[in-house]
Amino acid sequence: MTRLLSSLLTEGSPALPVAFRRGRPIPFARFRDDVATAAADFRGFRHAALVCHDSYAFAVGLFGLLHAGAEVVLPNNGQPATIERLTADTEAVIDDQRLGRLDRQVGEMPPLDVDRARITFFTSGSTGRPKPVTRTLGMLEREVAVLDRLWGATTVGSGPVLATVSHQHLYGMTFKVLWSLTTGRPFAADMHEVWETLLADLTPGACIISSPAHLGRLAGIAPLPETCRPAAVFSAGAPLAASAAAAAEAILGCLPIEIFGSTETGAFASRRQSVGDESWTLFPGNRIETDADGCLTLDSSYGDGWVKTADIVELTTDGFRFLGRADRIVKIEGKRVSLPDVELSLAALPWVDAAAAVIIAGEMPHLAAAVVLTAAGRNKLSELGNFRFGRMLRQELAATQEPAGRPRFWRFVEALPTRTHGKRADTDVAALFAKEPA
């Protein structure tokens, strides 16, 4: 039976497994006590950041903070400079280590107020800096209910849930953690970054929460025997290549269910590619329109009014075809990367005077950057050479950018290409990489 997120801890069988770690189940009774312990320790916080590698610890921290009355802040990545910025705006950073040191306490766990319980995510903004997006527990509760109506017992079943994506982002949190908690499906405490570890833990009838970045790396894996296949595979973060969808079906035994959405909107459409490039079907209760530029505007059944996106689409009878993005937020290996943010991060380095980031198209798109150097940068380039200098810049960006946001290809130029009135076009920058990238 599906439970509400707001009253999750007021009901449930004590022995029901909530999660599992290294094959050992973690029962509901322990989860309830762990959340009560966390809530007591966090009492008085108004805003706290939550950064956990372990999915079970994340769930404890999430509900502990919400029951303590705190707004939960989820950073867009766990890089050191990102966490340092958050400490100025929050009262605490809750991580695996802090959750593991709490002294056990037990207390009453009344239902949560779905409108006051709030979680703030950070997503790539068009200004170049991460943009906060706040969603209430009520929004998430309604979204999970839609997911369960679409794919609950008939598709996903009651098997365990494993993921190759992080619970720190909306997709991973909703599909792996929240949906599982409401339906009683146990989820893996570990996040599997490679297929070898996930397949070692895979049991028949499991559900896999994945992404195009991972599903595109199944080559070389032998097809699973029918007795070991998952019940369902989900993918989100970017449209899945038709070849990757076919490979997933051949190896894992089921065609992935692709999810379309964003941090601002939540999930609102899906598709399965049996032919290739199928249209996206809207979830029940959603309405869409397009503006004069063809950008999709969504009125979601679990949102907060109309939301304009930068997704250019063509409307169909039951949904839409996705044609591309209108802004400079791009998807690399399923990760949203803000090109302006990459440029600002590069320009903050002492060797860089100005930078322009672009996508190099292909079956696996990669990030590239044209860079104007300072005097110190020119000296360093002369000392190290193009390859080692580019590698050094990538290493320097590790403080603020995840791997997908660190350029792989470089051009070191005297000036960035500009057009009339000093405007710059991405196509002009991309032309610098027309030959073999450096």
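The structure this text deals with has already been given above.
A quick note: this is a predicted structure, and the numbers were derived from the prediction, not measured. One numbering rule holds for all chains: residues counted from 1, following each sequence as written. Where local features are concerned, this predicted model is filtered to residues with pLDDT of at least 70; where side-chain atom pairs are given and counted, the filter is 80 or more; whole-chain, interface and lining totals use all residues. The side-chain values count all of the structure's non-hydrogen atoms but skip hydrogen atoms and water molecules.

Teacher, can you tell me more about the overall build of the chain here?
When helices and strands are counted, the chain shows 12 helices and 23 strands. For 438 residues, the compact-globule estimate of 2.2 N^0.38 gives 22 Å, and the chain sits close to it at 23 Å. We call a residue buried when its accessible area falls under 20% of the maximum for its residue type, exposed when it is over 50%, and partly exposed in between, using a 1.4 Å probe and counting protein chains only. In the chain, buried positions account for 52% of the 438 residues. Pairs of residues are marked as contacts when any of their non-hydrogen atoms sit within 4.5 Å. For the chain, contacts bridging at least 24 residues in sequence account for 62% of all contacts bridging at least 6. The accessible surface values rely on the Shrake-Rupley method and a 1.4 Å probe; as for residues, cover is taken only from the protein chains in view. Just so you have it, the chain exposes about 19500 Å², and 52% of that area is on carbon and sulfur atoms. Within the chain, the 49 negative side-chain charges are centred at a point lying 3 Å from the centre of the 45 positive side-chain charges. Each helix corresponds to a stretch of at least 4 residues labelled H or I by DSSP, and each strand to a stretch of at least 2 residues labelled E; elements are numbered beginning at the N terminus. Radius of gyration here uses only the C-alpha atoms, and the compact-globule reference equals 2.2 Å multiplied by the residue count raised to the power 0.38. Neither His nor the chain termini are counted; the positive set is Lys and Arg, and the negative set is Asp and Glu. In this description, the location of a charge corresponds to atom NZ of lysine, CZ of arginine, CG of aspartate or CD of glutamate.

What am I meant to see in the packing of aromatic side chains here?
A ring pair, where both rings are aromatic, is described by two values, the distance of the centres and the angle of the planes. Ring geometry is summarised as follows: Phe, Tyr and Trp rings, the Trp one being its six-membered ring, pair when their centres sit within 6.5 Å, and such pairs are stacked at plane angles under 30 degrees, edge-to-face over 60 and tilted between the two. All chains considered together, the criterion is met by 16 aromatic pairs. When the ring of Phe 260 is compared with that of Phe 322, the centres are 5.4 Å apart and the planes differ by 65°; the resulting orientation is edge-to-face. Of this pair, Phe 260 sits in strand 12 (residues 257-262) while Phe 322 sits in strand 18 (residues 319-325); the two residues are 62 residues apart in sequence, bridging distant segments of the chain. Given a relative accessible area of 23%, Phe 322 falls into the partly exposed group. The structure contains a cluster of three or more aromatic residues connected by ring pairs, namely Trp 151, Tyr 171, Phe 175, Trp 179, Phe 234 and Phe 283.

Would you mind showing me how to read the nonpolar core here?
Within soluble globular proteins, side chains that are nonpolar generally end up buried alongside one another. In plain words, nonpolar cores are sets of buried Ala, Val, Leu, Ile, Met, Phe, Trp, Tyr and Cys residues tied together by side-chain atoms within 4.5 Å. Grouped together as the largest cluster of nonpolar side chains are 77 residues, with contacts concentrated most on Phe 31, Leu 62, Phe 63, Met 173, Phe 234 and Phe 320. By residue number, the principal contributor to this core is helix 2 (residues 55-67), which donates 9 residues. In this view, Phe 31 contacts Leu 8, Leu 9, Val 18, Tyr 56, Ala 59, Val 60, Phe 63 and Leu 181; residues no more than four positions away in its chain are not counted.

What's the story with unusual backbone geometry in this structure? I'm lost.
Leave glycine aside and you will find that most residues have negative phi; peptide bonds, for their part, are mostly trans. For Arg 22, which is not glycine, the phi torsion reads 50° and is therefore positive. Of note, Arg 22 is situated in the loop between strand 1 (17-21) and strand 2 (24-27). Positioned with a positive phi, Asp 277 is a non-glycine residue whose angle comes to about 60°. Relative to the assigned elements, Asp 277 resides in the loop between strand 13 (266-271) and strand 14 (280-282). For Asp 277, a relative accessible area of 44% corresponds to the partly exposed category.

What is the right way to look at the packing of helix 2 against helix 6 (residues 170-183) in this model?
Each pair of packed helices gets described by two things: the angle between the helix axes and the distance between those axes. Inter-axis angles, ranging from 0 to 180 degrees, are taken between N-to-C directions of lines fitted to C-alpha atoms, where helices are fitted over the stretch in contact. At a minimum axis separation of 11 Å, helix 2 and helix 6 run at an interaxial angle of 70°. Taken together, the axes of helix 2 and helix 6 lie roughly perpendicular to each other. Crossing of helix 2 over helix 6 shows right-handed handedness. Counting all contacts with helix 2, which are made through Ser 55, Phe 58, Ala 59, Leu 62 and Phe 63, the residues of helix 6 involved are Met 173, Lys 176, Val 177, Leu 178 and Leu 181. Of the residues that constitute the contact of helix 2 with helix 6, the class distribution is 8 nonpolar, 1 polar and 1 charged. The scheme is simple: roughly parallel for angles under 35 degrees, roughly antiparallel for over 145, roughly perpendicular for 65 to 115, oblique for anything else. Left-handed describes a crossing whose near helix is turned anticlockwise from the far helix through less than a right angle; right-handed describes the clockwise counterpart. Only Asp, Glu, Lys and Arg are considered charged, only Ala, Val, Leu, Ile, Met, Phe, Trp, Tyr, Cys and Pro nonpolar, and every remaining residue, Gly among them, polar.

What should I look at first to understand the pattern of salt bridges in this one?
A side chain with one charge may pair with a side chain of the opposite charge, provided their charged atoms come close. By definition here, a salt bridge exists when the distance from a side-chain nitrogen of Lys or Arg to a carboxyl oxygen of Asp or Glu is within 4 Å. By the definition in use, this model includes 17 salt bridges. In this structure, Glu 343 engages Arg 328 in a salt bridge whose closest nitrogen and oxygen atoms are separated by 2.8 Å. Residue Glu 343 is located in helix 10 (residues 339-347), and its partner Arg 328 is located in the loop between strand 18 and strand 19 (329-332); the two are separated by 15 residues in the primary sequence. Judged by its relative accessible area of 22%, Arg 328 is partly exposed. The residue Glu 402 makes a salt bridge to Lys 335 at a minimum N-O spacing of 4.0 Å. Note that Glu 402 is positioned in the loop between helix 11 (375-397) and strand 23 (409-413) and Lys 335 in strand 20 (residues 335-338), a separation of 67 residues in sequence. Judged by its relative accessible area of 23%, Glu 402 falls in the partly exposed class. Three or more residues are tied together by salt bridges with common partners; here these are Glu 258, Arg 271, Asp 277, Glu 314 and Arg 321.

How should the packing of helix 5 (residues 137-156) against helix 6 be read in this particular structure?
The interhelical angle for the contact between helix 5 and helix 6, taken along N-to-C directions, is 70°, at an axis separation of 10 Å. Between helix 5 and helix 6, the interaxial angle falls into the category roughly perpendicular. Along this stretch, helix 5 crosses helix 6, giving a crossing that reads as right-handed. Listed contacts from helix 6 to Leu 140, Glu 143, Val 144, Leu 147, Asp 148, Trp 151, Gly 152 and Val 156 of helix 5 are Leu 170, Met 173, Thr 174, Phe 175, Leu 178, Trp 179, Thr 182 and Thr 183.

Mind showing me how you'd approach the side chain of Thr 123 here?
Structurally, Thr 123 can be placed in strand 6 (residues 118-124). Classification of Thr 123 as buried rests on a relative accessible area of 4%. Think of a polar contact as two N or O atoms within 3.5 Å of one another; within protein, one of them needs to be a possible hydrogen donor and the other a possible acceptor, and neighboring residues in sequence only count if both atoms come from side chains. Here the side chain of Thr 123 touches Arg 336 through a polar contact of 3.0 Å, side chain to side chain.

Would you mind showing me how to read the sheet that holds strand 21 (residues 352-360) here?
Hydrogen bonding along the main chain pairs the strands of a sheet, whether they run parallel or antiparallel. Pairing between strands is defined by DSSP: at least two bridges between the two strands are required. One open sheet holds the 3 strands; their spatial order is 21-22-23, and the pairing between them is mixed. The two strands at the open ends of the sheet, each matched to only one other strand, are strand 21 and strand 23. Adjacent strand axes in the sheet meet at a mean angle of 20° when their direction is disregarded. Across 8 bridges, the pairing between strand 21 and strand 22 (residues 366-373) is antiparallel.

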